[in-house]
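# Structure at a glance
Given next are the chains, with one letter for each unit.
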Amino acid sequence: MSNAYNPNTIEKKWQKIWEQEKAFAATDDYSKPKYYALVEFPYPSGQGLHVGHPRPYTALDIVARKRRMEGYNVLFPMGWDAFGLPTENYAIKNKIHPRIVTENNVRHFKSQLQNLGYSFDWDREVNTTDPKYYHWTQWIFLKLFKAGLAYKTQMPINWCPSCKIGLANEEVVGGCCERCGAEVVRRMRTQWMLKITDYADKLLEGLNEVDYIERVKTQQRNWIGRSTGAEVDFAIAGTEDKLRVYTTRPDTLFGATYMVVSPEHPFIDKYAERITNLADVLEYRDQAAKKSDFERAEMAKEKTGVELKGLRAVNPLTGCEIPVWTSDYVLMSYGTGAIMAVPAHDERDWEFAKKFGLPIVEVVAGGNVEEAAFTDVESGIMVNSGFMNGMEVAEAKKAVTAYLEEKGLGTPKVNFKLRDWVFSRQRYWGEPIPIVECEKCGYVPLPEDELPLLLPEVESYEPTDSGESPLAAMTDWVNTTCPCCGGPAKRETDTMPQWAGSSWYFLRYTDPKNDKALASPEALKYWLPVDWYNGGMEHTTLHLLYSRFWHRFLYDEGVVPTKEPYQKRTSHGMILGENGEKMSKSRGNVVNPDDIVNEFGADTLRTYEMFIGAFDMAASWSTDGVRGCRKFLERVWKLQDMVSEEEGFTKALETRMHQTIKKVSQDYESLKFNTAIAALMSLLNEFYKAGSVSRGELKTFLLLLNPAAPHITEEMWELLGFGGRCYLQAWPKYEEAKTVEDTVELALQINGRMRGTVTVPRSASKEEVLAAGKAQLGERLAGVTIVKEIYVPGRIVNIVVK
RNA sequence: GCGGGUGUGGCGAAAUAGGCAGACGCAAGGGACUUAAAAUCCCUCGGUGGCGACACCGUGCCGGUUCGAGUCCGGCCACCCGCACCA
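To start, this report covers the structure provided alongside it. (Residues numbered from 1 in each chain as written. Chains lettered and ligands numbered in written order. Predicted model: local features only at pLDDT ≥ 70, side-chain atom pairs only at ≥ 80, totals over all residues. Heavy atoms only, no water.)

## Quick look at the pairing of strand β1 (residues 34-39)
Taking burial as the measure, the 6 residues of β1 include 6 buried ones, the bulk of the element. Alternating residues of β1 divide into Lys-34, Tyr-36 and Leu-38 and Tyr-35, Ala-37 and Val-39, and every residue in both groups is buried. For β1 and strand β2 (residues 73-75), the ladder comprises 3 bridges, and the chain directions are parallel. Each residue of the ladder has a partner; that of Lys-34, found in β2, is Asn-73. Following the chain from β1 across helix α2 (residues 54-69) to the adjacent parallel β2, one finds a crossover that is right-handed. (Buried < 20%, exposed > 50% of the residue type's maximum accessible area, 1.4 Å probe, protein only. Helix = DSSP H or I, 4+ residues; strand = E, 2+ residues; numbered from the N terminus. Pairing = 2+ DSSP bridges. Right-handed = clockwise from strand over helix to strand, strands pointing away.)

## Here's the deal with the nonpolar core
Phe-141, Leu-518, Trp-550, Trp-621 and Phe-701 are the most contacted members of the largest nonpolar core, which has 148 residues in total. Here the element with the most residues in this core is helix α21 (residues 673-690); it accounts for 9 residues. Beyond its immediate sequence surroundings of up to four residues, Trp-550 is in contact with Thr-137, Ile-140, Leu-144, Leu-194, Trp-421, Phe-423, Ala-500, Ser-503 and Trp-504. One finds Leu-253, Val-261, Leu-308 and Met-382 within the second-largest nonpolar core, a separate group that totals 53 residues. (Core = buried A, V, L, I, M, F, W, Y, C linked by side-chain atoms within 4.5 Å. Contact = heavy atoms within 4.5 Å.)

## What about the packing of aromatic side chains?
Evaluation of the coordinates by the stated rule reveals 50 aromatic pairs. Between the aromatic rings of Tyr-5 and Trp-637, the centroid separation amounts to 5.5 Å while the plane-to-plane angle is 40 degrees, which identifies the pairing as tilted. Here Trp-637 lies in helix α19 (residues 623-637) and Tyr-5 lies in the segment before α1 (7-21), a separation of 632 residues in the sequence. Like Tyr-5, the residue Trp-637 is buried in the burial classification. For the ring pair Tyr-36 and Trp-527, a centre distance of 6.4 Å and an interplane angle of 75 degrees mean the geometry is edge-to-face. Separated by 491 residues along the polypeptide, Tyr-36 in strand β1 and Trp-527 in helix α15 (residues 521-527) bring together distant segments of the chain. Through successive ring pairs, a cluster of aromatic residues spans Phe-141, Phe-145, Trp-192, Tyr-199, Trp-421, Phe-423, Tyr-443, Trp-499, Tyr-546, Phe-549 and Trp-550. The positively charged end of Arg-491 is found above the aromatic ring belonging to Trp-477, 5.4 Å away from the centroid. Sitting over the ring of Tyr-533, Arg-569 keeps its end group 4.7 Å from the ring centre. (Phe/Tyr/Trp six-rings, centres within 6.5 Å; stacked < 30°, edge-to-face > 60°. Lys NZ or Arg CZ within 6 Å of the ring centre and 35° of its normal.)

## Overview of the pattern of salt bridges
Applying the stated criterion across every chain yields a total of 50 salt bridges. Measuring nitrogen to oxygen at the nearest pair gives 3.2 Å for the salt bridge that ties Lys-516 to Asp-515. The same class applies to Lys-516 and to Asp-515, which are both exposed. Bridged by salt links that share partners, the residues Lys-13, Glu-21, Glu-715, Glu-718 and Arg-725 form one connected network. (Salt bridge = Lys/Arg side-chain N within 4 Å of Asp/Glu carboxyl O.)

## Some remarks on the sheet that holds strand β32 (residues 796-801)
The mixed open sheet is built from 4 strands, whose spatial order is β30-β29-β32-β31. The outermost strands of the open sheet, each flanked by one partner alone, are β30 (753-761) and β31 (786-792). The mean inter-strand angle of the sheet, taken between neighbouring strand axes irrespective of direction, is 20 degrees. In this structure, strand β29 (residues 743-750) lies alongside β32, joined through 4 bridges in parallel fashion. Its bridge partner lying in β32, Ile-750 is registered against Ile-799. The strands touched by helix α24 (residues 766-777) within the sheet are β29, β30, β31 and β32, with β30 carrying the most contacts at an inclination of about 130 degrees. (Axes fitted to C-alpha atoms, helices over the stretch in contact; angles between N-to-C directions.)

## Things to note about the protein's contact with RNA strand B
Surveying the vicinity of RNA strand B reveals 54 residues, the closest of which are Thr-248, Arg-348, Lys-417, Arg-753 and Asn-798. Each atom of RNA strand B within 4 Å of the protein was classed as base or backbone; sugar and phosphate made up 64%. One nitrogen or oxygen atom from the main chain of Thr-248 is found 2.4 Å from a sugar or linking oxygen belonging to RNA strand B. Within the backbone of Tyr-329, a nitrogen or oxygen atom sits 2.6 Å from a sugar or linking oxygen of RNA strand B. When residues of the surface near RNA strand B are traced back to their parent elements, those giving at least two are α7 (214-224), β12 (242-247), α19, α21, β29, β30, β31 and β32. Among the elements that make up the surface near RNA strand B, the one with the highest residue count is α21 (6 residues). Broken down by class, the residue content of the surface near RNA strand B amounts to 20 nonpolar, 16 polar and 18 charged. (Near = heavy atom within 4 Å. Polar contact = N/O pair within 3.5 Å; in protein donor to acceptor, adjacent residues only side chain to side chain. Nonpolar A, V, L, I, M, F, W, Y, C, P; charged D, E, K, R; others polar.)

## Examining the side chain of Asp-531
Within the secondary structure, Asp-531 is located in the loop between α15 and β25 (532-534). At 2.8 Å, the side chain of Asp-531 forms a polar contact with the side chain of Lys-34. Reaching out from Asp-531, the side chain makes a polar contact with the backbone nitrogen of Tyr-36 at a distance of 2.8 Å. Those residues in contact with Asp-531 that lie beyond four places of it in its chain are Lys-34, Tyr-35, Tyr-36, Gln-567 and Lys-568.

## Thoughts on the sheet that holds strand β20 (residues 421-422)
Strand order in the open sheet formed by 4 strands is β6-β5-β9-β20, with antiparallel pairing between adjacent strands. Edge positions in the sheet fall to β6 (165-167) and β20, since each has one partner strand and no second. Where strand β9 (residues 185-194) lies against β20, 2 bridges are found, and the strand directions are antiparallel. The partner of Met-193 across the bridge, within β20, is Val-422.

## Let's talk about helix α5 (residues 131-146)
Compared with an ideal rise of 1.5 Å per residue, which puts 16 residues at 22 Å, α5 spans 22 Å between its outermost C-alpha atoms and is within 8% of the ideal. α5 sits mainly inside the fold: 12 of its 16 residues count as buried. All of the buried residues along α5 are Tyr-133, Tyr-134, His-135, Trp-136, Thr-137, Gln-138, Trp-139, Ile-140, Phe-141, Leu-142, Leu-144 and Phe-145. Two or three places before Lys-132, at the opening of α5, Asp-130 has a side-chain oxygen 2.9 Å from that residue's backbone nitrogen. Gly-148 sits one or two positions beyond α5 and adopts a positive phi of about 80 degrees. (Expected span 1.5 Å × (residues − 1).)

## Some thoughts on the state of the cysteines
Chemically, a disulfide is nothing more than a covalent bond linking the sulfur atoms of two cysteines. The tally for this structure, following the rule as stated, stands at 0 disulfides. The cysteine Cys-482 is free of any disulfide, with Cys-438 supplying the nearest cysteine sulfur at 3.7 Å. A residue is classified by how much of its surface remains accessible, and Cys-482, at 3% relative accessible area, is buried. In this structure Cys-629 is not part of a disulfide, and its nearest cysteine sulfur, from Cys-726, lies 19 Å away. By relative accessible area, Cys-629 is classed as buried at 1%. (Disulfide = S-S within 2.5 Å.)

## Remarks on helix α17 (residues 593-600)
Pro-593, Ile-596, Val-597 and Phe-600 are the residues of α17 that are buried. Summarising the axial view, the buried residues of α17 lie within an arc of 100 degrees, below the 170-degree limit, and thus occupy one face. The outward face of α17, more than 90 degrees from its buried face, is lined by the exposed residues Asn-598 and Glu-599. Lining the buried residues of α17 we find α1, α4 (98-115), α18 (602-611) and α19. Between a side-chain oxygen at the N-terminus of α17 and the backbone nitrogen of Asp-594 the separation is 2.8 Å; the capping residue is Asn-592. (Arc of directions from axis to C-beta.)

## Quick word on the pairing of strand β24 (residues 488-491)
Along β24, the buried face is formed by Ala-489 and Arg-491; none of Pro-488 and Lys-490, which line the opposite face, is buried. Pairing analysis gives 3 bridges linking strand β21 (residues 435-438) to β24, with the strands arranged antiparallel. Bridge pairing links Glu-437 to Lys-490 in β24. By the bridge criterion, 3 bridges tie strand β23 (residues 479-481) to β24 in an arrangement that is antiparallel. Among the inter-strand pairings, Thr-480 is bridged to a residue of β24, identified as Ala-489. A loop of 6 residues connects β23 with β24, the two strands running antiparallel in sequence, and Gly-486 in this loop sits at a positive phi of about 80 degrees.

## Details of the environment of Ile-786
For Ile-786, the position within the fold is in strand β31. Residue classification places Ile-786 among the partly exposed residues on the basis of a relative accessible area of 35%. Taking the C-alpha atoms as reference points, Ile-786 and Lys-802, separated by 16 residues in sequence, lie 6.6 Å from one another. Residues in contact with Ile-786, not counting those within four places in the same chain, are Lys-774, Ile-799, Val-800 and Val-801.

Just geometry here; none of it tells us what the structure is for.
The following block contains the structure:
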């Protein structure tokens, strides 16, 4: 009899052996076929690992382990995205240096991950807060700056008056500060920006070359928000000046009955003297400026606005004078900050026109524009539109665009929803921005040989009243000389956002200790692109987009060999609490993975998280479910006592073995880990039914289970004397011909209703099958007329009768 | 409002390409073993009716296509996740 299954002992044993054997180190032998599997590196928070972490980690660990068994040189690395606010806040509260906090958290995280037996190559560990790492983050920033893609500008930021701190958009929840709950206000500040908008088209096109799950592609496309239309100039009556608008519906130009400029539009100041109700207009502008973005969105329901009296525009096609209004539903940050309003065919314009009694002129027939705006572009026919009358919308669009261009009234134009990336944080715990400001030379980049620009030691990390970074108080550090003219200059005191370090970390893994470059060209050429990258859906329009941008930029600079960083991107679902709600301390439904490992073992936790449900969907935790997986592994363990002498597969299970190899192999590749485990459970039940298992069957079973439950399988491999290491064996192969049974059981139907089954040889002809089927149905067919006989090989026989 | 997703037993979920709905697991019930319990093993397990072989109903709702629909088409409903006045 075997000993009792004791996961705690055997898991520790094998984790140690793997470490000593450097079992999972990627080699620099570039002649072998490579596979780069990547999971998002965690932010090492004080709470430690969450049961959500192991879900994606186990999934790609399975892929990585399977690839090694298939003969690939596998890179499966791990590291730490360690700059960030929670660490800084903890440091402030407990008066410990954030570096120390980070070190402690990393140590804790690492030991937790090691307890789960992941096959990470720990020799390649990276940490974004390591100066040897952020050296290259800063280097990339300098490249961006030199390419004109980093610039400083005045921007409104989210300001928490209670915490006295500038917040990132992600830290604003429902218009309030994430931590203290105070209402966030807008405050102007100069900020570093990255011109991601220059890459909008490249980022869009790149999506056609990669194998991302569809919802990720869709979300990125929507976020980039490409739209095509035209810019059109409207003359300002009584001047030589023109007001330029952007529209996606130039075809409706005859229906433009008024114009609207954003409250921040320069025309208001420019024509201040002509505007007869200037006081009202300025009052409106002030009101709009005070509103936070959140308030502006909240008030979206009710349109507001003021007419710019004394200012009239001219519709370039009708020649009619039309009024000009200002309203905060027009945004300065999109298009030209001004629109032509076509109330008959735009819902917002319609609402606005109804409220202020402006004329509504129908130019596309098909709806009732007195009732609602008619926005359909598929079915409408142009009316009241001069030369476009009778055309369909698409045709009219082309015609009017050509006409406008010919007459010099407008040009085709593409716009994007994507905005430039706000790249400054007024915080201490981030990468210093390697720029100095010189009175004479302006913003001057640090010479590359002065990198890394180290984060200085400060007395206090507390943010200041002025909204400046704590670094601003470090006058010794701030005051420096200009690298350009040698005159007095000041260092930039804002730091980079957390998204900086994570935008290129996958490059560093390929050559993590290089001090001459972010990685050697050889290493990059061999390892890139990442073959499979899994990460959270919440990063789709943040980290994933940012890192694609940086990568594409580095490609354009000749630093990296591929246009796209990640060949394949998948996303896992969240693990919810036992009650189906998101796990959180306040809900009291948090499960600590350490407790699960201690009570049930790492293999059980891994197996359970794979079995819990479809990988890409949210799943609720169930401790009973964990127990079920432990029971499964106990039953696997006991196979030791059931092994027969037979080396190969037994006749009885041969087909089943080949089927299972096929099923598990495919499921591990296609995110169907739950059904892969189910297939193994099912096969195990067969072994129990048979009362014994051959050595060949058990070997195969252990190999198939090994990527999911590496410790128990390795231990059994050794105990049974199968030779060598389980993880070093070749992945099992199946023969397609042997996955099919000699006989098939067919469903028998009469008029599509189940009436039994019939078993026939696979080779039986249609006639033989139908004869056997009808014989089986016997009396049920007595006294009826057969209208039709349907036979789908391997599936069903359906007799249609009257 | 727009975009994406989901809806199947008491529960978590399966179901190539339209072909035996509920694999696998949990919970539950029954049995074996045990002085007893736990553990383990075996059996049952969508609903209704029937002693019964069996019949009828059943994949959010309504309709359609088909010999046959969880799957395809049309029209709804509910929930979840993004984005949100983007002209």
